[in-house]
Amino acid sequence: MAFPEDNSLSLISIASPLTLTGFSTIALCGLFLSRLLARRHADANANATPGRLQAFLLFVYCCFLKPQGDRSTQQGFLESFYKRQAAVYDTTRDRLLQGRTEMLALVAAQLKARPKSERVWIDVGGGTGWCIEAMAAFVDVPEFFSTVFIVDLSPSLCEVARQRVRRLGWKNVQVVCEDARTFCPLQKAGLITMSYSLSMIPDYYPVIDSLVHLLAVDGVIGVVDFYTQSGREFGARNYTGSHAGRHVNWFLRSFWRAWFELDHISVDAARRDYLEFKFGTVLTVNARNQGLGWIPYYIWLGRRESMQSIDQALSPRDLDIAVQNRAAKLPLPAAFYQNQPWRAHYHDQLPKHTQFHDEYIYAFTWEDARQDHTLLNLHADDVVLAITSAGDNILSYATKSPARIHAVDLNPAQNHLLELKLACYAALPYEDFWLLFGEGKHPNFRHLLLNHLSPHLSSRAFQYWLARVDIFERHNIRGLYDTGGSRHALRALRWTARLLRCRTAIRQFVAAASLPEQAHTWEALLRPALLSPLLCKLVVSQESFLWSALGVPKNQLAMIEADHRATSTSRGGGSGRSQAVWRYMIDTLDPVARQTHIAEDNPYYYVCLAGQFGRTCHPEYLSAKSHALLSQPGALDNLRLHTDEIAEVLARIEPASLTVAVLMDSMDWFDPGADSATAQVVRLNGAMKMGGRVLLRSAALRPWYLATFTTRGFAAECVGQRMEGICIDRVNMYASCWICTKVELAVDNWTTN
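Residues numbered from 1 in each chain as written. Predicted model: local features only at pLDDT ≥ 70, side-chain atom pairs only at ≥ 80, totals over all residues. Heavy atoms only, no water.

- In the nomenclature of an unreviewed UniProt entry, the protein corresponds to Methyltransferase domain-containing protein from the organism Aspergillus versicolor CBS 583.65.

Listed below in structure tokens is the structure:
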């Protein structure tokens, strides 16, 4: 039997137990409210400010129990809804309307990062003027803005706004009681904001269309509001800024749509979708109000959607994306609207990116940048391609001001980390920079992120770090250098030190005033514990630990085992995996402990043992001199961050343009039986100039893929090979180091398209 469709009933019935509980609570509050109001004299304390409890009860009554008044016009309905509660509106919304302060901080930061001009601000649906007063925390409103318009359709709310403006004494603020569809000031707006007003506007299409024309070409629009949306609706879009956290599960979608419908608030996805369609996305945040039932809300910043937004040199891939979106009459991806040219567009939901589960592996880089400079001797005309890792060496290369640096990493989070460092160079003084990346902690990181760093970050990187503020701020965690996949190795080291009671010895080792003192501490106290064959067999040599904690893939492990088998006869001992890993550890750590002074000149091991860098022992990018150089305007404009495979990036780079490629140990990861290594070498040959150099490090003494290079246009030269008891560099983590120089154009059957 079919029944007539009743959407309101069907939605409410989805979450009937919680909904009935809510209705019961409202009813009880209503009864209590009626008794409270009945006891009041009509003329007693007529102008007194209601207490918090009374304000809450009035809010409940007006929102859920009060009979609806005039519904023939939108203004009549709004006035019926707000008139009784206008005086207590701000008191009752502070916990419900999350994200307003953050939105204001973000738009203020965007405006401050742009050239100063005459600024007009329009607050659409501004109601009581709360946002205008709250903006004073970020800018001097009377000085920063030439004119501010508070536009709202409710006379009662506008009257509260006028009282606020009179109290503040601001002469540049005008309260306009008018329909946003018809409001048209003489000047274009440099800023438009909407704070929980879009969801209250039934005919939102003409309002958003009007805002497009009101916003100046270089203006910013900021919106914060409720929403609900399924991932199926936005999964294929490349212009939304970030998909992270945007999907709302079925239960929350159904419950909050039904709940807000009682208050005549529409939280469906259409309003947000139309915003993103009409404007270009600058930043977006998908969040939950955890204190009130995980209500989904978003913060969104946009700008005028036009070809003028494309102000950076486009790679062939970016150009293809721009053409495709234009042909489909869609906005460009958010990467095209960012203030800095660093981050190239990528699709964050591809399996090759999601496999990393939003976690970087390396919080610091494990390659010796000083040795790189000695080997490469970079100049101003060099075009460099290098693996991002934690970005430390990328920034070290940047101090030499090459023509271009392409930083490449398949893991989006590694590029998020480098992007954060770039933003800090652009926006922060040296002391803040040092606290963040020298000590790995900063008590005010969230404030810095919102007010200073946000204009210099891509949308995805900004949301990534906003969700991870605790890394830098929480006092009970160790900070940046106890994060990422490599933290498992560092924690295992601490647990081992605690178990073997050698934590004091580690502190002595790190603080040793001289190399002989350090070597003595190593031999007498640390080496017997840390290089225990039993510890290696039970923990370190396990394939799962090698991968998750040390980033050693199975193909690289096979190379270590093969070298050990080849030398085990002359050295003695077993030839199994445990013995191979143990011997590799000895060859790595013994020379470091005996030949490099950790406290003064080995930041790679210092940070592992101390959990932070030292003022006299840190990577080059952390020096005050490097900060002064790289914080200059335009100093980092030569950087381009690619989130993709190296081979894919090589295919998009102009042929014969690269002069240097730094591949770290990435070639060790390839399967000798597959074709991928050959394909990458061929693409390297095509992308590099004649005489261009490829710097490689390997866990093998002579890696198998050297033959692939030498048969496809390269000459290979060993520039470092680890011998027993001798350091290859301060890290000493790899068995050999090679430079492959392009000597001829490769002739190969492999396609590079």
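### Examining the overall build of the protein
Then, in step 1: Helices and strands together make up the secondary structure of the protein, namely 35 helices and 14 strands.
Then, in step 2: In the protein, 75% of the contacts between residues at least 6 apart in sequence involve partners at least 24 apart.
Then, in step 3: Surface summary for the protein: the accessible area is close to 32400 Å², and the carbon and sulfur share equals 55%. (Helix = DSSP H or I, 4+ residues; strand = E, 2+ residues; numbered from the N terminus. Contact = heavy atoms within 4.5 Å. Areas by Shrake-Rupley, 256 points an atom, 1.4 Å probe, with all protein chains shown as cover.)

### Let's talk about the environment of Glu-645
Then, in step 1: With respect to the helices and strands, the residue Glu-645 is situated in the loop between β10 (639-642) and α33 (646-652).
Then, in step 2: With 235 residues separating them in the primary sequence, Glu-645 and Leu-410 have C-alpha atoms 5.5 Å apart.
Then, in step 3: In this structure Glu-645 touches Lys-352, Val-408 and Leu-410, once residues within four positions along its chain are discounted.

### With respect to the pairing of strand β14 (residues 736-742)
Every regular strand shows the same layout, with side chains that alternate between the two sheet faces.
Then, in step 1: Where burial is concerned, most of β14 is hidden: six out of the seven residues are buried.
Then, in step 2: Two strands pair when backbone bridges link them, and strand β13 (residues 714-721) and β14 are joined in this way by seven bridges, in the antiparallel orientation. Within β14, the position partnered with Ala-716 by the bridge is Cys-740. (Buried < 20%, exposed > 50% of the residue type's maximum accessible area, 1.4 Å probe, protein only. Pairing = 2+ DSSP bridges.)

### Examining the sheet that holds strand β6 (residues 279-289)
Then, in step 1: One open sheet holds the seven strands; their spatial order is β3-β2-β1-β4-β5-β7-β6, and the pairing between them is mixed. Here the strands that pair on one side only, and so sit at the sheet edges, are β3 (173-177) and β6. Taken over all neighbouring pairs, the strand axes of this sheet differ in orientation by 15° on average, direction set aside.
Then, in step 2: Where strand β1 (residues 120-124) lies against strand β4 (residues 189-195), three bridges are found, and the strand directions are parallel. (Axes fitted to C-alpha atoms, helices over the stretch in contact; angles between N-to-C directions.)

### Some thoughts on unusual backbone geometry
Then, in step 1: A positive phi angle, close to 60°, is found at Lys-329, a residue other than glycine.
Then, in step 2: Within the element layout of this structure, Lys-329 appears in the loop between α14 (316-327) and α15 (351-354).

### Structural notes on the pattern of salt bridges
Then, in step 1: All told, the structure shown has 36 salt bridges when counted by the stated rule.
Then, in step 2: Note that Asp-203 and Arg-181 form a salt bridge whose closest N and O atoms lie 3.3 Å from each other. Taken together, the residues Asp-203 in the loop between β4 and α10 (204-214) and Arg-181 in the loop between β3 and β4 connect sequence positions 22 residues apart.
Then, in step 3: Residue Asp-203 is classed as partly exposed on the basis of its relative accessible area, which comes to 44%.
Then, in step 4: On the accessibility criterion, Arg-181 (37% relative accessible area) is partly exposed.
Then, in step 5: Its salt-bridge partner being Asp-590, residue Arg-594 comes within 3.7 Å of it at the nearest N-O pair. Taken together, the positions of Arg-594 and Asp-590, both in helix α29 (residues 577-595) and four residues apart, correspond to about one turn of that helix. (Salt bridge = Lys/Arg side-chain N within 4 Å of Asp/Glu carboxyl O.)

### Notes on the environment of His-406
Then, in step 1: Along the chain, His-406 turns up in strand β9 (residues 404-408).
Then, in step 2: For the pair His-406 and Val-649, spaced 243 residues apart in the sequence, the C-alpha separation amounts to 8.9 Å.
Then, in step 3: In contact with His-406, not counting residues within four places along its chain, are Val-383, Val-384, Leu-385, Ala-386, Arg-640, His-642, Ile-653 and Leu-658.
Then, in step 4: A polar atom in the side chain of His-406 sits 2.9 Å from the side chain of His-642. (Polar contact = N/O pair within 3.5 Å; in protein donor to acceptor, adjacent residues only side chain to side chain.)

### Description of the packing of helix α18 (residues 412-427) against helix α21 (residues 459-466)
Then, in step 1: It is the contact of α18 with α21, at a shortest axis distance of 10 Å, that shows an interaxial angle of 90°. Considering the angle they form, α18 stands roughly perpendicular to α21. From α18, Ala-413, His-416, Leu-417, Glu-419 and Leu-420 reach across to α21, where they touch Arg-460, Ala-461, Tyr-464 and Trp-465.
Then, in step 2: A class-by-class count of the residues in the contact of α18 with α21 yields six nonpolar, one polar and two charged. (Parallel < 35°, antiparallel > 145°, perpendicular 65-115°, else oblique. Nonpolar A, V, L, I, M, F, W, Y, C, P; charged D, E, K, R; others polar.)

### Side note on the packing of α18 against helix α20 (residues 445-453)
Two packed helices can be described by the angle between their axes and the distance between those axes.
Then, in step 1: Following both chains from N to C, one finds α18 and α20 inclined at 70°, their axes separated by 11 Å at the closest point. Here α18 lies roughly perpendicular to α20, going by the angle between them. Listed contacts from α20 to Leu-420, Ala-423, Cys-424 and Ala-427 of α18 are Phe-445, His-452 and Leu-453.
Then, in step 2: The residue inventory of the contact of α18 with α20, partitioned by class, reads six nonpolar, one polar and no charged.

### Looking at the packing of aromatic side chains
Then, in step 1: Summed over the entire model, instances satisfying the criterion amount to 29 aromatic pairs.
Then, in step 2: Pairing Phe-144 with Phe-145 gives two aromatic rings, centres 5.0 Å apart and planes at 80°, and the pair type is edge-to-face.
Then, in step 3: Look at Phe-144 and you get buried, because its relative accessible area is 15%.
Then, in step 4: Between the aromatic rings of Phe-149 and Phe-183, the centroid separation amounts to 5.3 Å while the plane-to-plane angle is 65°, which identifies the pairing as edge-to-face. Of this pair, Phe-149 sits in strand β2 (residues 147-152) while Phe-183 sits in the loop between β3 and β4, and the two are 34 residues apart along the sequence. The pair formed by Phe-149 and Phe-183 is uniform in burial state, with each residue classed as buried.
Then, in step 5: Members of the aromatic cluster, connected to one another through ring pairs, are Tyr-196, Phe-226, Phe-251, Phe-255, Trp-256, Trp-259 and Phe-260.
Then, in step 6: Between the NZ or CZ atom of Arg-100 and the centre of the ring of Trp-130, over which it lies, the distance is 3.8 Å.
Then, in step 7: Positioned over the ring face of Tyr-346 is Arg-460, at 4.6 Å from the centre of the ring. (Phe/Tyr/Trp six-rings, centres within 6.5 Å; stacked < 30°, edge-to-face > 60°. Lys NZ or Arg CZ within 6 Å of the ring centre and 35° of its normal.)

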